[in-house]
Amino acid sequence: MWEQCMIETVRGTFEVFKKGHGQPVCVTHLYSEYDVRGNIFADLFTEHATVYLVNLRGCGNSTDDLSKFNYSMGHTVDDLEAIRLALRLEKWIFAGHSTGGMLALKYATMYPNSLVHIVAGGLCASSEYMRHPSSIYCPTNSNNPRIKEIIAMLRNPQSTLEERRAGNKEWALMSLYHEKHYDTMLSRPNSGKTVSKRLDYFSYEELPTYDLRPELPDTVTKAYIYCGLHDAQCPYEFSAEAAELMPNATLQTFRQSNHSPFIEEEKEFHQFIATTFK
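Residues numbered from 1 in each chain as written. Predicted model: local features only at pLDDT ≥ 70, side-chain atom pairs only at ≥ 80, totals over all residues. Heavy atoms only, no water.

Asker: Could you give me a rundown of the overall build of the chain, with the residues and numbers involved?
Answerer: The number of helices and strands found in the chain is 10 helices and 10 strands. A compact globule built from 278 residues should have a C-alpha radius of gyration of about 19 Å, and the chain, at 17 Å, falls within 12% of that. Over its C-alpha atoms, taken along the principal directions, the chain stretches across nearly 45 × 40 × 35 Å. Counting every position in the chain, which comprises 278 residues, the buried fraction comes to 55%. Considering only contacts in the chain between residues 6 or more positions apart, those separated by 24 or more positions represent 73%. If you sum the accessible surface of the chain, you get close to 12300 Å²; carbon and sulfur atoms cover 48% of it. Across the chain, the mean location of the 27 positive side-chain charges is 3 Å away from that of the 34 negative side-chain charges. (Helix = DSSP H or I, 4+ residues; strand = E, 2+ residues; numbered from the N terminus. Rg over C-alpha atoms; globule rule 2.2 N^0.38 Å. Buried < 20%, exposed > 50% of the residue type's maximum accessible area, 1.4 Å probe, protein only. Contact = heavy atoms within 4.5 Å. Areas by Shrake-Rupley, 256 points an atom, 1.4 Å probe, with all protein chains shown as cover. Lys, Arg positive; Asp, Glu negative; His and termini not counted. Charge placed at Lys NZ, Arg CZ, Asp CG, Glu CD.)

Here it is, written out as structure tokens:
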């Protein structure tokens, strides 16, 4: 189990889960809530580092004060900086997957001097992935109508636990290259349930104008970008685009993976993570 910590900052109190020893690494996702079970992605870094798994504003027991701040990526990065300062860390690594990877890009553009490097994947530097026919979030994708139904169900507080589990399973299977890996996901201690109010803010307030591409060529932060070749959420070319735009980025391709190479090619992903600490 992970150790729960409540971190007092100038921007409010945040719930953080800690595990591992060594160089500090921050891990989070833009709209997920964690608990003492930790998270499969974050757990991979604990072999090399002290990992801080953060419940962002509005998640878990973290502050949800919106009188001055909101759920935007910019304010979220400012919250993460407040946590880093409260922990008295000079620098840390930031690691994020999917919208956590997008948050990593934003962090790199805003506070390069606070980061050793970022590890980020399954991402996009703009909202273009929503219009790519290979993405399940594109209206022309055959899975898109069902994805919309699942998301609506998860937003509905009247949905039963059985409905939520079934919907999450269906969503997960759309994002796996081989269905057999679903059982692997279930067999590991894991948390990270969707926080609807943060997902809604991202979807309706921020995503329509989200585009970091003009800023990335001037972003000096070292970046380890990765992606599954068959990613059905944020297609591979978007991670490749981000890596190409950033002057100090490398791209790791996982050829037998969809959206979750840290599950689908776990051994290879372990090796990839190890290289980021050398």
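Asker: Just give me the short version of the pairing of strand S2 (residues 12-20), but keep the residues and values in it.
Answerer: Where strand S1 (residues 3-9) lies against S2, seven bridges are found, and the strand directions are antiparallel. Residue pairing in the sheet places Ile 7 in a bridge with Phe 14 of S2. Where S1 hands over to S2, the hairpin turn is made up of two residues, counted between the paired strands. Sheet analysis places S2 next to strand S5 (residues 49-54), joined by five bridges and oriented antiparallel. Along S5, the bridge assignment pairs Phe 17 with Leu 53. (Pairing = 2+ DSSP bridges.)

Asker: Hey, could you go over unusual backbone geometry for me, with residue numbers and the actual values?
Answerer: Of note in this structure, Arg 88 is not a glycine but carries a positive phi near 60°. Along the chain, Arg 88 falls in the loop between helix H2 (73-86) and strand S6 (92-97). Of note in the backbone geometry, Ser 98 takes a positive phi value of approximately 65° without being a glycine. With respect to the helices, strands and loops of the structure, Ser 98 is situated in the loop between S6 and helix H3 (99-110).

Asker: Could you give me a rundown of the packing of aromatic side chains, with the residues and numbers involved?
Answerer: Both the distance between ring centres and the angle between the ring planes are used here to describe each pair of aromatic rings. For the structure on display, the rule yields 17 aromatic pairs. Ring geometry for Phe 254 and Phe 269: centres 5.4 Å apart, planes at 35°, overall tilted. Within this pair, whereas Phe 254 is found in strand S10 (residues 249-254), its partner Phe 269 is found in helix H10 (residues 266-276), the two being separated by 15 residues in sequence. There is no split in this pair, since Phe 254 and Phe 269 are both buried. Centroid distance Phe 269 to Phe 272: 5.4 Å. Interplanar angle 65°. Geometry classified as edge-to-face. Highlighted residues: Phe 269 and Phe 272, both in helix H10, separated by three residues, approximately one helical turn. Judged by its relative accessible area of 6%, Phe 272 falls in the buried class. Aromatic ring contacts, followed pair by pair, group Phe 41, Phe 45, Tyr 226, Phe 254, Phe 262, Phe 269 and Phe 272 into a single cluster. (Phe/Tyr/Trp six-rings, centres within 6.5 Å; stacked < 30°, edge-to-face > 60°.)

Asker: Account for the state of the cysteines, naming residues and giving values.
Answerer: Per the counting criterion, the structure on display carries zero disulfides. Here Cys 59 stays unpaired: no disulfide links it, and the sulfur of Cys 26, its closest cysteine neighbor, is 13 Å away. Take Cys 59: its relative accessible area is 0%, and that puts it in the buried class. Looking at the unpaired Cys 138, the closest cysteine sulfur is the one in Cys 234, lying at 12 Å. (Disulfide = S-S within 2.5 Å.)

Asker: Before we move on, could you go through the packing of H2 against H3 and cite the residues and values that matter?
Answerer: At their nearest, the axes of H2 and H3 sit 10 Å apart, and the two run at 70° to each other. As far as their axial angle goes, H3 and H2 are roughly perpendicular. Counted together, Met 73, Gly 74, Thr 76, Val 77, Asp 78, Leu 80, Glu 81 and Arg 84 of H2 and Met 102, Leu 103, Lys 106, Tyr 107 and Met 110 of H3 form the full contact between these two elements. (Axes fitted to C-alpha atoms, helices over the stretch in contact; angles between N-to-C directions. Parallel < 35°, antiparallel > 145°, perpendicular 65-115°, else oblique.)

Asker: How would you explain the pattern of salt bridges if you had to name every residue and give the values?
Answerer: As enumerated under the stated definition, the model contains 14 salt bridges in all. For Arg 131, the salt bridge goes to Glu 128, with nearest N and O atoms at 3.1 Å. Judged by its relative accessible area of 31%, Glu 128 falls in the partly exposed class. Among the ionic pairs, Glu 170 bridges to Arg 146, the shortest N-O distance being 2.9 Å. Note that Glu 170 is positioned in helix H5 (residues 161-174) and Arg 146 in helix H4 (residues 144-155), a separation of 24 residues in sequence. The exposure class of Glu 170 is partly exposed, given its relative accessible area of 29%. In this structure Arg 146 comes out as partly exposed when scored by relative accessible area, which is 32%. A single network of salt bridges, built from pairs that share partners, joins Arg 11, Arg 57 and Asp 79. (Salt bridge = Lys/Arg side-chain N within 4 Å of Asp/Glu carboxyl O.)

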